[in-house]
Structure formats: structure tokens, C-alpha cells
Amino acid sequence: MKDLGAILLEREPFSELVIGNTALVRAMVEGGVRVVTSYPGSPTPEIADAIRAIPKDDRPFYFEFSTNEKVALEVAFGAAINGHRSVVFFKSVGLNVAADSFVQLPLMRIPGGMVVVLGDDPGANSSQNEQDNRHYARMAGVPVLEPATAGEAYAMMLAALDLAGREETVIVVRMTTHVCHAKERVPFGAWRKAPLDPTPRFDPDSANYIPLAASVFALKRKAAARLERIREGFETSPFNRVTPGDGKRGIIVAGTARLSLADCLEGRAERPAILELGTVHPLPRALVRDFLAARGEVKILEELDPVLEGDIKSLAYDAGLHTRIIGKVDTEEFVGEYVPDKVRAILHATWPGLVAPPLPPPPAIGRKDLPARPPQLCPGCGHRSAFFAIKKALAPDDITVADIGCHTLGYLEPYRMGRVLLSMGHSTSTASGLSLHNASRKVLCFLGDSTFFHAGMPGIVNAVFNGHDVTLVIMENGTTAMTGHQDLPSAGRNFNGAAPRIGVRAALEGLGVTNIREVDTYKQAELTALVTAALAEPGFKAIIAKHPCMLKFTREARRKPGWKARRVEIAQGICTQARVCLESFACPSFQVGDGARVEVHEDLCIGDGSCKRTCPSGAIIDAAGGS
Amino acid sequence: MGNTFNIYMTGVGGQGIGLLAELLARAVDHAGIAMKGCDTHGLAQRGGIVASHLRLGEGAHSPLVEPGTADLVVALERHEAIRGLRTMLSASGTLVWYDASWQPLPVRLRKAQPVEASEVLTEASGRGVAAVKVFLDGLDDPRKQNMVLAGELVARGLVPGVAMDHLRAALGDLLDGPALAENLALLERVGRGPQA
């Protein structure tokens, strides 16, 4: 088996089949990074998986999962003003959390250099929106490099680290989901291992680190001059490429849309000229101006928002160019990932003769609609028992508020619980608002344990402080489950080893919550009773509904010697086909068999038995001798 | 698309499609063929659809296969086989699926009929594409279904330029110890083909 940790620490140049996220880690090693921080969020957690593959004592840098993205960014910043090159990475919406500090970074002298890796998610593959974080970079004045492949992710990360170090500033490397996960053979360079210099070099007299009132202007001028200097460097960056074409047509394109475009034009004799941009902010103005000036019409092929389009059109106006610039012409061009068929449709609409339209879906042969496959809570998931039990304590028109985590899936059939979602940690405060001028519908909200520590606490403090009549259910599964089981402050363990355990209950008590109940979610009747009691009481109530993540538990149990598979089965002679297990409890292990029989799927059932108590006839029994 | 060959793999989160995708990508790489690949997963670990794209040849730029252009659709599950066939397979392509059935929620709630193997075959023959149903009785661990599929692909020569040697080397990159031995034995047994 290949040892990824050893591969990432190779001294001599080599090549390897890697995903973009892994390629970034090799760039961190080669690029002299000393501190890396993160909060887990798709599409970036595999960066930490690659870091974990390097044994802790061999790691050339310190790594931590911080409690949220803002904290992670600030830890990386603190290290970098002490002279240590640092990297922070998180998902798209994580930048909203980190934004308060992120926007200040260009005002600061950062001697170590700092890179922010963003995992943007066009296509909303695993996020609550498709936000285009180039807006933040423009607002704050932070340069952005945007790779399209794993190889470019490596090369641009190295370049960003170098530039950040030379300019003593911050650079964004904007990844997107299918760059993070794109797989190819990437050639890497040598690693010249250097000893760590532990001297803390923070010098508050070398620059102004207190941007207050009028002192902001001088800092802003300095930042603007730096950005202009970086823009001049981008004019000749190898990450921007012009491919000459025939005729007077041109295309300006960035990110993975470049690859989709190349696919659409593959094998075609007639090709427009193409300007590919890898440095997307600030815009290399002279390069773009010259490209425009040589063409009669230019299409800007740009995923998500018209960020380049605005800059390019304003540049063309200032330069007095008469080139016809074709930006986004309908709202569909703002929506979704620029996958090859989307780009094909846009190109065909722009210049019908250039490429054929996407293939129409073939006519249905069998039934028209196939059953959808929404994601499900895993077999044995404690959240399922919680939703099943809590639903019994609620009136049909009571209001339930979701938060982010696996338990968000409670909004799906058949539970239909947690019916409004904004962001990490919003639930208690949104619920508080829902409780105002509301004497008739009880308000109950959910919150995961990792999210509790991430952004959940301020809303809870507010609910206590202002006396909101809300019942909060903390779904404590002991891990950051949805992103791949990263440790959290209540685990007693961090990325690097043992850590003080910060219990959820103790934290709640510390925040001033006095009405706290706690139960294992598998004790469904007890949970129903606790929620019923809590809902009847005034003020702010917290219920800790806990059960370990069973996906994690089962994976770990399988690795232990002597592990034996377990499962349940249906005693067909006893089963009355009440179908509670299938249609109300809805564990995916229960399947519809011949003649509407209920069956247990051997591939899926883990034998946890949380279903047994839901059966009105007691027909769910332990299978003899396991499977 | 000229000299490219597009593979689309699909299944349900938890079926082990990640290993299958990594195995095939590495086998293609061991065969000396240029490749680009990409897993598409978000909430997939929670029983949703998980897919992986693999494109062979110098003419492949994006790692993502365009709908209707897959030369090969490999499915680990029956419902996803018919979905992959409809959306991704080219008119001259081949579908290979492992005939497991993990019923999706609407089926379990009796709001939709389950897909039967015969339905997949009927749909494939109606479209004039080749379809291969794979199932191995007595498999001790459902997470090995991906090895059975990989073995079938090689036994039938369905991935151009990729032979058992390449798969063996790829598996050696990914596993070791008893897991390697067990999976390799299964892969070789299936990969030798029905004649052996």
C-alpha cells in the first residue's frame, strides 16, 4: 500500500496520482508553511486527511481544527505576524463566519505571509448556497488565484505562498468543489527541509497593527499600492494564457469553465481566441485590454457571478474599446456549476455555429419518473430515534427549527422536523424570534454539538439573557459527523492528541442555562416525556439528546479483534405489517419485500436495535448468530 | 470527443464506490493512459447517490463526463443503474451493474415501485445498448461488491488498455495485509472470466 504521508515528504521531485486537496498539502510542505488551521467543511476536509497521513512528529507544520472559521483564520494570522508562514482553509460559507477578521487582513503587515484556501461550491453540492467568494476578496482587496486542476492547485498554492511571503500579506487560493476532488497525476518538485526557527518575531513598531479611525487611511493607501504592485506582476503571470484563434471572436474564461470549454472545442478546426485567467483578482488589465482590442466580439464565460464581467466592461469603457463584450445574458448563466454541458449550451446560444447543443435527454422507455434518492440518516443513527420520539411530543402545528449537521436531514420525510435553516448556529436565535407574539405554537430548535461550539453559543446566551420561550434540543453525537468525524471540544481529544474535555452540559451551565435535561436518544419514551415536560415550562429549556455517531462507532468496532456482525430480522409470523419501522421510524435497513412483507436488508442493518421499541407487535428481533 | 473514453460510476453512499473509483483510476494510470477523474460526493455518506467520473485519453480536459457521452456506466446498485443508463450512457455504450437493491425512500414509503433487474434489461435493450448484470452469490461482505464489478470489467475487456496486471498493481497501491489478500483473491477469481 502506498504511504501517503511518506509520499508527501519526498525529498526529490516525483509525480503521483492525487486529488486537488492532497496536492495543496504537498505545496504547503515545499512552500515552508509552519502553521495550518481549519474548520471542517466540504469540499475541503480531505486537506486535513492528507495532513493526518503525515505522522505528527514528521509534520513540518503545526495543524489544528479550530472551533470555527473565524477562530481558525485568527490563529493563522497570529502565527503569520510572528513570522510563520501560515495557511487557513475552510468551505465557501465559512468565509461569512471569518469575514469580520478576513476583511482587515490587507491592512496588516504579515511578515510570515498567509494564504486563505477557500472551498467554494458552485453547484451547491454540499452547501446551503453557491456564494461567489471573489466578492469578498474584491471588497477586502485580497489577490485571488483560481486553479482548475489538481496540478494547478499545487502550482498556484506554491506561487501564493511565495507571493504572500514576499509582499508580507494575504493571498486567496480559490478552490471549487471539483478542483478539490479532481484527480490526476501531478508532477511535484523537491523539498528542501529547513529547520523551524521558533523566534517569535512580532514587532508592533514595524507597522501599525491598530486600525482605528484616521489611522485606517494610511493603511488603506498602503494596501492599495500593494494590490496595484501585485496586479502588475499578474500581467506576466504564467497562470494567464492566450491561445490564438481564427476570426475576430474571443472568449475570456477562468476556473473549471476553462476545462469545460476545452472539452467543447476539442477536435474542432474553427476556434475563437481564448484568454484563460488564473489570476482572477486583481485583473491583469493590460493583458485583458490587448486581448479585447484585437477582437470584434468577446464572450466572458464566467461561473456564478459576473465579477470579471464588471471589471472587464469597465476597463473596456475606460480604454475606449468598441469590442462587443458578451456577458451573462440570462439568469441561468448565474446558476449552477459550469460543467461541460452547461458551457456547451452557453456557447451554442452565443454562437450557434461554433458547437452543437448538448444532447437532449433520450425519451423515456420505461416508466417516466424514477424514484428519487434523498440522503438518509445512517442505520442506527441516534438522530432518527430523536426525531421519532420528539415528534410524539409535538402538536402538528408546533414550529421546529433546523441547524446545520447530519440532523438537518430531519426535514425530509417522514420526520418533517426542523423546517427552516439559515446557517451554522442560527437555530436558537431564529427560534427566539419565532417565539415572539406567539402564544399558540410551541417553538423547538435543534443544534449539533460541533455547531454548538462553532456558532451556537451566542444565540443561547441571548435566549437566556432575554428570556425567550424556546426549547433547544442539542443533538450530541460526539463528533463532527457530516464532514467526516473530526474531533470537537467535547471529545477530550483534538487533531494532535489528548485535550481537555469541554462538556456540552458544563458549557450550557456556564452560559447560565438552568433548565437542562439529558437523555440517550435510544430511550425514546423517556425522550418523548422529557420534551413534553420541557415544552410545558416557561423560558429557555435545553435538552441534550445524545447517542454516539453509529457510522463512526461501527467503523471503529469493525477494526477491533473479535468483532461480529449483528443485525435484526422480522419475525414474519408476528409482524402485522403496521409498517412503523418502514414509514415512521424509516431506517433504510427496512425494505419492501414481496407481497408487501417488511424485510431487513443484510447489507445495511448494523443490529443496533434502536428500531425494536418502535414495533407495535414486537416483531423486530435479533437475528440468530449474526450474519 | 475523438480518442477519449468516458466512464461514469454510480451507487449509493456506503457501497464503496470511492475505492472502486480510485482502483480504476490507478489501474488506468498503471496502464500508461492519461486520465482525469473526480468523485462527486456531498452528503453521499448518508445514503444519497454517489458518483465518480473517469476520463481516459489526452483529449479529456474536464474530469466530468457530459450526460449522454459515457462509453461505460458502472453501477453498484439497480435503481442507480437505470438512472445512470438514462442520464449518462452514450447510444453506443455499455452498462455494467451489480444487482444489489438498496431501496430509496419513496419506495420504502410505498410512493414508488422498486426497480427490478428485468426493468433495467428492458430499458437497455429498448435503447439498443449492451447491459451486463453482475451478481455473486455468497459474498461474505457487501463492501466487496466493488471488487466483483472491477473483475468483470477486466474479464470482459470493457476498459480499453486495462488488464488484470494493472488492477492488481492498483489494488496494491490502496490496500495491504489481509484486506489486500482477500480483495485481490476475489478480484482475480472474477477477473479470470467465465472460461477459467
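Treat the numbers as computed from the prediction; the structure is a model and nothing was measured.

The helix and strand inventory of chain B stands at seven helices and six strands. Starting at the N terminus, the α and β elements of chain B follow one another as β-α-β-β-β-α-β-α-α-β-α-α-α. Computed over the C-alpha atoms, the radius of gyration of chain B is 16 Å, within 12% of the 16 Å expected from 2.2 N^0.38 for a compact globule of 196 residues. Expressed as a percentage of its 196 residues, the buried residues of chain B come to 58%.

What follows concerns the domain arrangement of chain A. Under the domain assignment, chain A is made up of domain 1 (4-234), domain 2 (241-350), domain 3 (382-555) and domain 4 (564-622). Domain 1 of chain A and domain 4 of chain A are separated by 49 Å when their C-alpha centres are compared.

Next up on the list: the interface of chain A and chain B. At the interface, 50 residues of chain A touch 53 residues of chain B. Classifying every residue of the side of chain A that touches chain B gives 27 nonpolar, twelve polar and eleven charged. Of the pairings in the sheet, the one linking strand 8 (residues 182-188) of chain A to strand 2 (residues 35-40) of chain B comprises two bridges and is antiparallel in character. Bridge pairing links Lys183 of chain A to Gly37 of chain B in strand 2 of chain B.

Across a sheet, paired strands are connected by hydrogen bonds in the backbone, their directions being either parallel or antiparallel. Residues and elements named next belong to chain A. Judged by pairing direction, the sheet is mixed, and its seven strands sit side by side in the order 3-2-4-5-7-6-12 without closing on themselves. The sheet terminates laterally at strand 3 (62-65) and strand 12 (279-281), the two strands that pair on one side only. Across the face of the sheet, helix 4 (residues 69-81) comes into contact with strand 2 (35-38), strand 3, strand 4 (86-91) and strand 5 (114-120) while running at roughly 170 degrees to strand 4.

Further remarks concern the sheet that holds strand 8 of chain A. The strand order across the open sheet formed by eight strands is 1(A)-8(A)-2(B)-3(B)-1(B)-4(B)-5(B)-6(B), and the pairing between neighbours is mixed. At either end of the open sheet lies a strand with only one pairing partner, and these are strand 1 (14-19) of chain A together with strand 6 (130-134) of chain B. Mean inter-strand twist for the sheet, computed between neighbouring axes without regard to direction, equals 20 degrees. Lying over the sheet, helix 1 (residues 17-30) of chain B contacts strand 1 and strand 8 of chain A together with strand 1 (5-12), strand 2 and strand 3 (49-56) of chain B, oriented at roughly 5 degrees with respect to strand 3 of chain B. Relative to the sheet, helix 5 (residues 145-155) of chain B contacts strand 4 (70-75), strand 5 (89-98) and strand 6 of chain B, its axis offset from that of strand 5 of chain B by approximately 135 degrees.

Let us now look at the packing of helix 11 (residues 285-293) of chain A against helix 12 (residues 307-318) of chain A. All names here are of chain A. Viewed as axis vectors pointing N to C, helix 11 and helix 12 meet at an angle of 70 degrees, and their least axial separation amounts to 10 Å. With respect to their mutual orientation, helix 11 and helix 12 come out roughly perpendicular. In this structure, helix 11 contributes Arg285, Val288, Arg289 and Leu292 to the contact, and helix 12 contributes Ile312, Leu315 and Ala316. For the contact of helix 11 with helix 12, the class distribution of residues is five nonpolar, no polar and two charged.

Our focus in this paragraph is the pairing of strand 17 (residues 471-476) of chain A. Residues and elements named next belong to chain A. Most of strand 17 sits inside the fold, with six of its six residues counted as buried. Neither face of strand 17 is open: one carries Thr471, Val473 and Met475, the other Leu472, Ile474 and Glu476, and all of them are buried. As paired elements, strand 16 (residues 443-448) and strand 17 share five bridges and run parallel to each other. Note that in strand 17 the partner of Cys445 across the bridge is Leu472.

Okay, the environment of Tyr98 of chain B next. All names here are of chain B. Mapped onto the elements of the fold, Tyr98 is located in strand 5. Spatially, the C-alpha atoms of Tyr98 and Glu188 are 17 Å apart, while their sequence positions differ by 90 residues. Residue contacts for Tyr98: discarding those within four places in its chain leaves Ala75, Leu76, Val134, Phe135, Gln145, Val148 and Leu149.

Turning our eyes to something else, we now look at helix 5 (residues 94-102) of chain A. Residues and elements named next belong to chain A. What helix 5 keeps buried is the set Gly94, Leu95, Val97, Ala98 and Phe102. The arc that holds every buried residue of helix 5, seen down its axis, measures 150 degrees, which confines them to one face. Tucked inside the fold, the buried residues of helix 5 contact helix 4, strand 4, strand 5, helix 6 (134-140) and helix 16 (449-465).

This part is about the nonpolar core. Proteins that are soluble and globular tend to have nonpolar side chains buried together. Formed by 237 residues in total, the largest nonpolar core has its most connected members in Ala76, Val115, Tyr154, Met157, Ala160 and Ile252 of chain A together with Leu24 of chain B. Counting residues per element, this core draws most heavily on helix 7 (residues 150-167) of chain A, at twelve residues. Those residues within four positions of Leu24 of chain B in sequence are excluded, and the remaining contacts are Ile7, Leu54, Ala150 and Val159 of chain B.

Residues and elements named next belong to chain A. For strand 8, the buried fraction is high: five of the seven residues fall into the buried class. In terms of strand pairing, strand 1 meets strand 8 through six bridges, oriented antiparallel. Residue pairing across strands places Glu16 opposite Val186, the latter belonging to strand 8.

It is worth spelling out the packing of helix 2 (residues 20-30) of chain A against helix 3 (residues 45-53) of chain A at this point. Residues and elements named next belong to chain A. Interaxial distance between helix 2 and helix 3 falls to 8 Å at its minimum, and their mutual angle equals 50 degrees. Judged on the interaxial angle alone, helix 3 and helix 2 are oblique. Both helix 2 and helix 3 take part in a crossing whose hand is right-handed. Of the residues in helix 3, those in contact with Asn21, Thr22, Leu24 and Val25 of helix 2 are Glu46, Ile47, Ala50 and Ile51. Residue composition of the contact of helix 2 with helix 3, grouped by class: five nonpolar, two polar and one charged.

Calculation criteria
- Every chain's residues receive numbers from 1 upward, in the order its sequence appears when written.
- Each chain gets a letter, beginning with A, and each ligand a number, beginning with 1, in the order they are written.
- Local features in this predicted model are restricted to residues whose pLDDT is 70 or higher, and side-chain atom pairs enter the listing and the counts only when it is 80 or higher, whereas totals over whole chains, interfaces and linings include all residues.
- Helix numbering and strand numbering both begin at the N terminus, where a helix is a DSSP run of H or I of at least 4 residues and a strand a DSSP run of E of at least 2.
- Taken over C-alpha atoms, the radius of gyration is set against a globule rule of 2.2 Å times the number of residues to the power 0.38.
- Burial is judged by counting the other C-beta atoms within 10 Å of a residue's own C-beta: 20 or more makes it buried, 12 or fewer makes it exposed, and any count in between marks it as partly exposed, with every C-beta position built from the backbone.
- Domain limits in this description derive from either an automatic procedure or a database domain assignment.
- Remark: residues whose backbone-derived C-beta atoms lie within 7 Å of one another are considered to be in contact.
- Put simply, Ala, Val, Leu, Ile, Met, Phe, Trp, Tyr, Cys and Pro go in the nonpolar bin, Asp, Glu, Lys and Arg in the charged bin, and everything else, Gly too, in the polar bin.
- Think of it this way: DSSP has to see at least two bridges between two strands before they count as a pair.
- Every axis corresponds to a line fitted to the C-alpha atoms, with the helix fit spanning only the stretch in contact, and the corresponding angles, defined between N-to-C directions, vary from 0 to 180 degrees.
- Roughly parallel refers to an angle under 35 degrees, roughly antiparallel to one over 145, roughly perpendicular to one between 65 and 115, and oblique to any angle outside these ranges.
- Our arc is simply the arc of the directions from the helix axis toward the C-beta atoms.
- Put simply, a nonpolar core is a cluster of buried Ala, Val, Leu, Ile, Met, Phe, Trp, Tyr and Cys residues tied together by C-beta atoms within 7 Å.
- Whether a crossing is left-handed or right-handed is set by the direction in which the near helix is turned from the far one by less than a right angle, anticlockwise for left-handed and clockwise for right-handed.

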